[in-house]
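Below, each chain spelled out in residue letters.
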Amino acid sequence: AQSVAQPEDQVNVAEGNPLTVKCTYSVSGNPYLFWYVQYPNRGLQFLLKYITGDNLVKGSYGFEAEFNKSQTSFHLKKPSALVSDSALYFCAVRDPPNSGNTPLVFGKGTRLSVIA
Amino acid sequence: DARVTQTPRHKVTEMGQEVTMRCQPILGHNTVFWYRQTMMQGLELLAYFRNRAPLDDSGMPKDRFSAEMPDATLATLKIQPSEPRDSAVYFCASGRGGTEQYFGPGTRLTVT
């Protein structure tokens, strides 16, 4: 069965500093990996995904993530954090579909707090 | 700007009452998901449909929850009777092919 671990419940970073939100996964076969962000009282917004190809994936709002197959990790990064990046971040995985879209399995989420 | 819409956004009800949540997926998306978010369990899948046919509803308590897609523009999630432990945020998401899923704003349900 697929699973995702986000080892940190909370990450604090000063504005302007680089940030990393960690994610490791466990799947059989090749994974589809995703990052979503949730702002208070809002739905989840898609940030980026890894399907295949280049291990460094660039997404929305200046975020990027690095896929590392040997470490089964997919850490989210941003070179310079903004206060407005403060939110709840979810890593998710799903099996490559034979056809069509399939359900996501989410990590527990990491709350990012960027301090001015 | 295509979006998934959900109604109602908030619902407060008493234990034992029926609750119906509605979702309008993005036009052209053939797969619709219902997820539930709680502090204890995080985000978990309740059910999903492809081309309006249910593919997996193993995450739902069958005795009280039901999910349907009367047509391609409407998905419903019904709880009857509701219980306090059903209090959560219920998200609908839609997608197509191998792409990412797009989430609605959620329905925050409180059962007293």
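Residues numbered from 1 in each chain as written. Chains lettered and ligands numbered in written order. Predicted model: local features only at pLDDT ≥ 70, side-chain atom pairs only at ≥ 80, totals over all residues. Heavy atoms only, no water.

Assigned secondary structure in chain A consists of zero helices and 12 strands. Across chain A, helices and strands are ordered from the amino to the carboxyl terminus as β-β-β-β-β-β-β-β-β-β-β-β. Over its C-alpha atoms chain A spans a radius of gyration of 14 Å, differing by no more than 12% from the 13 Å that the globule rule assigns to 116 residues. The C-alpha extent of chain A, read off along each of the three principal axes, is 45 × 30 × 25 Å. Here chain A holds 116 residues, and the buried ones make up 47% of them. Contacts in chain A between residues far apart in sequence, at least 24 positions, make up 56% of those at least 6 positions apart. (Helix = DSSP H or I, 4+ residues; strand = E, 2+ residues; numbered from the N terminus. Rg over C-alpha atoms; globule rule 2.2 N^0.38 Å. Buried < 20%, exposed > 50% of the residue type's maximum accessible area, 1.4 Å probe, protein only. Contact = heavy atoms within 4.5 Å.)

Quick look at unusual backbone geometry now. All names here are of chain B. A cis amide bond links Thr7 with the next residue in sequence, Pro8, at an omega value of -10°. Here Pro8 lies in the loop between strand 1 (5-7) and strand 2 (10-13). Phi at Arg52 is positive, roughly 75°, even though this residue is not glycine. Here Arg52 shows up in the loop between strand 5 (42-50) and strand 6 (53-56).

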